[in-house]
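# Observations on the three-dimensional arrangement
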Amino acid sequence: MTDRAPLTEHSSTGRITVEDAHLRNLRHVDVSLPRDALVAVTGVSGSGKSSLAFGTIHGEAQRRYLESVAPFARRLIAGAVDPQVTAIHGLPPTVALEQNRTGASARSTVGTISTISNSVRLLFSRCGDYPAELRRRVGRLDSDSFSPNTAAGMCPTCQGTGTVHTPTERTMVPDPDLSIDDGAVAAWPGAWQGKNFHDILVTLGYRTDVPWRELPAAQREWILFTDETPVVTVHPVRGAHQVQRTYRGTWRSVSAYLRETLASTGSESTRRRVLSFMEHAVCPACGGRRLIPDALKVTWQGLTVDRLNALSLEDLCDRVTGTGTAGTGTTGTAGPASAEAERLLLNQLTPTLTAAVDLGLGHLSLDRAATTLSAGELQRLRLASQLHSGLFGVVYVLDEPSAGLHPTEREAVLDLVRRFIRAGNSVILVEHDMSLVAAADHVIDVGPGAGELGGEVLWSGPVEGLAGADTPTGRALAAPLPRRCADPRPATGSLRVRGTRRNLDVDITLGLGQFTVVTGVSGSGKSTLVTGVLPEVAAAAGLRTDLITQKPIGRTPRSTLATYTGLFDHVRRLFARTPDAQQRGWTVSRFSYNVAEGQCPTCHGEGTIEVELVFLPGSYTVCPDCRGARYRPETLEVTWHGHTVADILGLTVAQAREVFADQPRIAAALETLHAVGLDYLRLGQGAPELSGGEAQRIKLATELQRTPTTRRRTPTVHLLDEPTTGLHPADVDLLVTELCRLVDAGDTVVVVEHDMRVAAQADRVVDLGPGAGAEGGRVVADGTPAEVAGAATATGRALAASSRV
Ligand code: ADP
Ligand code: ADP
Ligand code: ZN
Ligand code: ZN
C-alpha cells in the first residue's frame, strides 16, 4: 500500500530524532538518523524493525497528516493510528511502501499500478493512427476508450473481461443421475437459500425425488433457465420436530440466480464458486481483446493498444526510447502538435519504464494481472512508479525491496534509491540483504532477539562500526556465508521433469532425497518450474507433494496462527475438560471465537472492528467491548491453570512453550514454530497482521508437525518459493537447518531462492536463464554449489563472489 502523509515540519538539524518510542516491543528507545541519506534498519525477524520504521516513524507522520485534514476525527484517529512515541523532531512527510499484505484488486494490472497505462492511453488518443473512416465518424477517441476498465472502453458483451460465462445444464447439474433431493442442482447455494429454492419447487408440484434426467425436458429447462419469477407460499419441508412456518418465497431459475449473484457479489470466494458452475469462452464480440471495436482500430507504431499492452516492458521500453529494433520512437502521424504531444508523453513514460526494467521487471507486460505478481515484484513496481510522482522532501520507508531479486539485480535498487535521495528525499530501508546494508549511509540495528528479547537499538551509526560487533547483524556483516556443504547427499531416487510452459523449456532429472535450490534472475522461470510444473510432475509420479507459497493463510483476523496450525483445537479441549466448563455444560465449541455462543457479539470474535474513515480505508481499531479479547465475558470466567482462553491467544510462541511444556501435542506444534524462528508471534495474531514470509514459515511449521519420528510416513516432495523473504541471515540458518532435517528424514526439498547463503548449502543448484521471459527458461548451470560457482552465469558469479570455502 502507498500511504502519503504530506505534512511538512522542517528542522534545521538535518536529522530525525525519535524520543521514547515504545510501540509493541520497542523498549522506550531514543534514536536519531540523518535525513537526505540512505538508512538501513536491520535485526532478526520480530526484533522490532517494522515497529520502528513503519509503526513509529511512518505512523507518526500519518497521524499528523490525518489530524491536519480531519481535526474533528481526532479521537477516531487516535484509536486507529497510535505510534506510541513521546516525540519525533525533524520529521518530514513519509511515503511508505510495505510488502503487500492485502491482495491487489482483481482489475489492477502492471499498467494501472505503475500508472504507465494512463500515459499509454493518452498516447493512443492523441498520437495514434486513426483509420480515415473512424476519424470522420468520431474524430478522436477519448483516452478512456482505450481502457477496458471504463464504461467508455469496455467491450459491452464481456464488460471488458474478455471472457463470457454461460451456465449450461451440464455445468449446473453435473450428475443427472441424482434427484433434486439428493443435490442434483449443484449450483444452488447452501444453507437457507438453497433450501428455499428446493421448497419452492416442491410447492409448485415438481418431483424432487426422481433422477434429474427423468424429468421432462420442458421442466428441466424451466428450472434452469426461465426468466419467470413466480411468488408462492412455501410450506418448508423440515425435520418433524421443527417449527413449520410458511412464508412467501420468490423463484429464480438456477441460471438467473448465478447471473445475479455474479453481478452483485463482493465476495471473491462466492464469485469463484458461481463461476465454477458456468462454461467459460473467449468473448465472441471482442475476441478476448476486452475493448470496444473502435479502440482496436487505432494504432501507435503499428500496434493496437492491446498488443502494446502485451509487450514485455523491456520491448516497450526499447520502442519508447527509440533504441529497439522497432525503430525511431516516432510515428510520423498527423502534424507537429501531435509530435510535440508524443514527445511529452514519451518523456513522462520513460523514467518509470526504465526504472522498472532496471529493477528486474522487464519480463512483465502492462496487461499482466496484479494478482499474479509476487510481493517483491509488486513492491518494485510501486517503487518505479514513484519516479513519476516527482516528490521531494519526503521520507520513503521501504520494506525489503531486495525481495525476489537475484544478487546481480540488487545494484538497481541502490541506483533507484540514490536517485530519490539526489532529488531531495530520505530513504529508510528495512532490509536483510547484507550487500544493501553495507551500502547504507547509516544503519540502525534493532535486537538482539525477537519480541520481548528485542526492541532495543543496538547500533545507530555508520555501517563500519557495526560489522564484526557481537550482534546477529554484526556477525552476518563480518562473515557473509556459512561453509559450503562439501559432500552432497546421495539421491535416493529420481524424478524426471520435462516441462514446457510459458517460456520454460527444461528436461532435467531431480534427485529424490536431496536438497535442490533453483536459482536465476527474475523472470527466468523459477516459479513456473517449481510451483507450476513440479507439483504436477511429482503427483503424476505418485509422490506426495507439499507446495508452500507466500499466499496469506487467510484474509480475515479470524484465521490466526493458533487456528491455522491446529494447535488451538487441543487448547480448546483443555478448557472444555475443566470442571468449571463441564459443570456449565460447555463443549469445545464454546471456546471458539468463531462460534456465536462464546464470541464477543460486538466484533463477532475478530477482536477488532473496522473504523469508517473515508480518507483511511481499511482501518481497524480494537473492539471497545472485549478490548481485543474476542470473547464474551462469561466465556472468560473459565480458566485453565489460571489463564483464560483469551490469555492463551495473547501469548507469544515463546511464552506458550513454557505454559504448555507438559502438553505434548501442543508443545510439539509450538516446537516447530520455534524451529522456524517464529518465537515472537502471538498465537492470536490474525492473518492480516502476518507478512508473506511469516505466512510461509507458518505453513512450513505446520508441515513439519507431520514429520515426527514415525517410520510409516509417506516421503514428501516439499516445494518452496523464496522462503527466506523477511529473514535475517541468522534466521536463514535456522530455516536451512529445518529444511535439512526434512531431507535427512527422507524427504525431497526443492526451493526457489536468491539467497546465496541457502544455495551454498544445497546438494544441488539448478540455475535457470540466461535472461528473463523469452530470454530465460533454460537450464544454464546445474551441479553442486561448488560446480555452479565455477559457471559463467549470474548465479555462478554471485556464488563465487560470496562464498568462502
Ligand atoms: P520485525 O519488523 O523486526 O520483524 P516487528 O516490528 O514486526 O519486527 O515486530 C516486533 C514485535 O511486535 C514482535 O514481537 C511482533 O510479534 C509484534 N507485532 C508485530 N506486528 C504486530 C501487530 N500488528 N500487533 C501486535 N504486535 C505486533
Ligand atoms: P521467476 O520465478 O524466475 O521470477 P516466473 O516463473 O515467475 O520467473 O516467470 C517466468 C516467465 O513467465 C516470465 O516471463 C513471467 O512474466 C511469466 N509469467 C509468470 N507467471 C505468469 C502469469 N501468472 N501470467 C502470465 N505470465 C506469467
Ligand atoms: Zn468482449
Ligand atoms: Zn469484541
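Thresholds applied
Residues numbered from 1 in each chain as written. Chains lettered and ligands numbered in written order. Predicted model: local features only at pLDDT ≥ 70, side-chain atom pairs only at ≥ 80, totals over all residues. Heavy atoms only, no water. Core = buried A, V, L, I, M, F, W, Y, C linked by side-chain atoms within 4.5 Å. Buried < 20%, exposed > 50% of the residue type's maximum accessible area, 1.4 Å probe, protein only. Helix = DSSP H or I, 4+ residues; strand = E, 2+ residues; numbered from the N terminus. Domains from an automatic or database assignment. Contact = heavy atoms within 4.5 Å. Arc of directions from axis to C-beta. Donors = N, O, S within 2.8 Å, 3.2 Å for Na, K, Ca; no water. Tetrahedral: all angles 85-135°; square planar, octahedral: opposite > 155°, others 65-115°. Pairing = 2+ DSSP bridges. Axes fitted to C-alpha atoms, helices over the stretch in contact; angles between N-to-C directions. Near = heavy atom within 4 Å. Polar contact = N/O pair within 3.5 Å; in protein donor to acceptor, adjacent residues only side chain to side chain. Nonpolar A, V, L, I, M, F, W, Y, C, P; charged D, E, K, R; others polar. Areas by Shrake-Rupley, 256 points an atom, 1.4 Å probe, with all protein chains shown as cover. Expected span 1.5 Å × (residues − 1). 1 Å grid on protein atoms, 1.4 Å probe; cavity = no way out; pocket = protein on both sides within 12 Å on 5 of 7 lines; lining within 4 Å. Points joined across faces, edges and corners; volume = space filled by probe spheres on them. Salt bridge = Lys/Arg side-chain N within 4 Å of Asp/Glu carboxyl O.

Phe515, Phe660, Leu670, Leu683, Leu700 and Leu739 are the most contacted members of the largest nonpolar core, which has 70 residues in total. The element best represented in this core is helix 26 (residues 729-744), accounting for 7 residues. Of the domains in this structure, domain 4 (493-543 + 715-800) and domain 5 (561-675) are the two that each give at least three residues to this core. For Phe660, the contacting residues outside a window of four places in its chain are Val571, Leu574, Trp640, Ile648, Ile666, Ala667 and Leu670.

So, on to helix 12 (residues 313-321). The set of residues buried in helix 12 consists of Leu313, Leu316, Cys317, Arg319 and Val320. Looking down the long axis of helix 12, one finds its buried residues gathered within 165° of arc, a one-sided arrangement. Just downstream of helix 12 lies Gly322, where phi reads positive at about 75°.

Turning to the coordination of the zinc ion (ligand 3), a few remarks are in order. For the zinc ion (ligand 3), the protein coordination sphere consists of Cys155 (SG), Cys158 (SG), Cys283 (SG) and Cys286 (SG), at 2.2 to 2.3 Å. One can describe the site at the zinc ion (ligand 3) as tetrahedral: its 4 donor atoms subtend angles covering 104 to 114° at the metal. On the basis of relative accessibility, which here comes to 3%, the residue Cys155 falls in the buried class.

Strand order in the open sheet formed by 3 strands is 3-2-5, with antiparallel pairing between adjacent strands. Looking along the sheet, the strands with just one partner apiece sit at the ends: strand 3 (29-34) and strand 5 (85-89). Strand-to-strand twist in this sheet, taken as the mean axis angle between neighbours without regard to direction, amounts to 10°. Where helix 1 (residues 49-69) meets the sheet, it contacts strand 2 (15-21), strand 3 and strand 5, and its direction lies at approximately 75° from that of strand 5.

Another aspect to go through is the domain arrangement of the protein chain. Accessible area lost upon the coming together of the parts serves often as the stated size of an interface. Domains assigned within the protein chain are domain 1 (15-101 + 373-478), domain 2 (110-156 + 293-361), domain 3 (165-282), domain 4 (493-543 + 715-800) and domain 5 (561-675). Between the C-alpha centres of domain 2 and domain 5 there is a distance of 54 Å.

Let us look at the site of ligand 1. Around ligand 1, a shell composed of 15 residues is seen, among which Gly46, Gly48, Lys49, Ser50 and Ser51 lie nearest. Measuring from an oxygen atom of ligand 1, one finds a side-chain N or O atom of Lys49 at 2.7 Å. One of the side-chain N or O atoms of Ser50 is found 2.4 Å from an oxygen atom in ligand 1. When the residues that make up the shell around ligand 1 are grouped by side-chain class, the tally is 2 nonpolar, 9 polar and 4 charged.

Here we come to the site of ligand 2. The full set close to ligand 2 counts 14 residues, and Arg368, Gly523, Lys526, Ser527 and Thr528 are the nearest of them. Residue Ser524 places a main-chain N or O atom 3.2 Å away from an oxygen atom belonging to ligand 2. Burial of ligand 2 by the surrounding chains reaches 79%, relative to a free accessible area of 550 Å². The class makeup of the residues in the shell around ligand 2 is 1 nonpolar, 10 polar and 3 charged.

This part takes up helix 7 (residues 191-203). The terminal C-alpha atoms of helix 7 lie 18 Å apart, and with 13 residues this matches the ideal 18 Å at 1.5 Å per residue to within 8%. Looking only at helix 7, the buried set comprises Gly194, Asn196, Phe197, His198, Asp199, Ile200 and Leu201. Directly beyond the C-terminal end of helix 7, a positive phi value near 90° is found at Gly205.

This part takes up the coordination of the zinc ion (ligand 4). Around the zinc ion (ligand 4), the protein contributes the donor atoms Cys600 (SG), Cys603 (SG), Cys623 (SG) and Cys626 (SG), which lie 2.2 to 2.3 Å from the metal centre. Around the zinc ion (ligand 4), the 4 donor atoms sit at angles spanning 106 to 112°, and that spread fits a shape best called tetrahedral. Spacing between the donor residues of the zinc ion (ligand 4) along the chain follows C-x2-C-x19-C-x2-C. Residue Cys600 is found in the loop between helix 21 (579-584) and strand 21 (608-611), and its partner Cys623 is found in the loop between strand 22 (619-622) and helix 22 (645-650); the two are separated by 23 residues along the sequence. Neither residue differs from the other here; Cys600 and Cys623 are each classed as buried.

Where empty space is left can be seen by rolling a probe of water-molecule size over the atoms. Counted as a void, the second largest pocket has a volume near 680 Å³. The dominant element in the lining of the second largest pocket, judged by the number of residues it contributes, is helix 16 (residues 434-438), at 4 residues. Of the residues that constitute the lining of the second largest pocket, the class distribution is 16 nonpolar, 8 polar and 8 charged. Counting only domains with at least three residues in the lining of the second largest pocket, you end up with domain 1 (15-101 + 373-478) and domain 4 (493-543 + 715-800).

Further remarks concern the sheet that holds strand 26 (residues 778-783). Here 6 strands make up an open sheet; going across it, the order is 20-23-24-19-25-26 and the pairing mixed. Of all the strands in the sheet, the pair left with one neighbour each is strand 20 (544-548) and strand 26. Each strand of the sheet is rotated relative to its neighbour by a mean of 15°, with strand direction disregarded. Pairing analysis gives 4 bridges linking strand 19 (residues 515-519) to strand 24 (residues 748-752), with the strands arranged parallel.

Enumeration over the complete set of coordinates arrives at 32 salt bridges. For Glu214, the salt bridge goes to Arg213, with nearest N and O atoms at 3.7 Å. Between Arg544 and Glu703 there is a salt bridge whose closest N-O contact spans 3.0 Å. On the criterion of sequence distance, the pair formed by Arg544 in strand 20 and Glu703 in helix 25 (residues 692-705) is long-range, its members being 159 residues apart. Among the charged side chains, a network of salt bridges with common partners joins Glu60, Arg63, Arg64 and Glu67.

Time to look at unusual backbone geometry. Pro448 follows Gly447 through a cis peptide bond whose omega is 0°. Its location among the elements puts Pro448 in the loop between strand 15 (442-447) and strand 16 (456-461). Cis geometry marks the peptide bond from Gly769 to Pro770, where omega comes out at 0°. Examined against the element boundaries, Pro770 turns out to sit in the loop between strand 25 (764-769) and strand 26. Within the chain, Arg627 stands out as a residue other than glycine whose phi angle is a positive 55°. On the basis of relative accessibility, which here comes to 68%, the residue Arg627 falls in the exposed class. Positive phi, normally seen in glycine, also occurs at His641, with a value near 50°.

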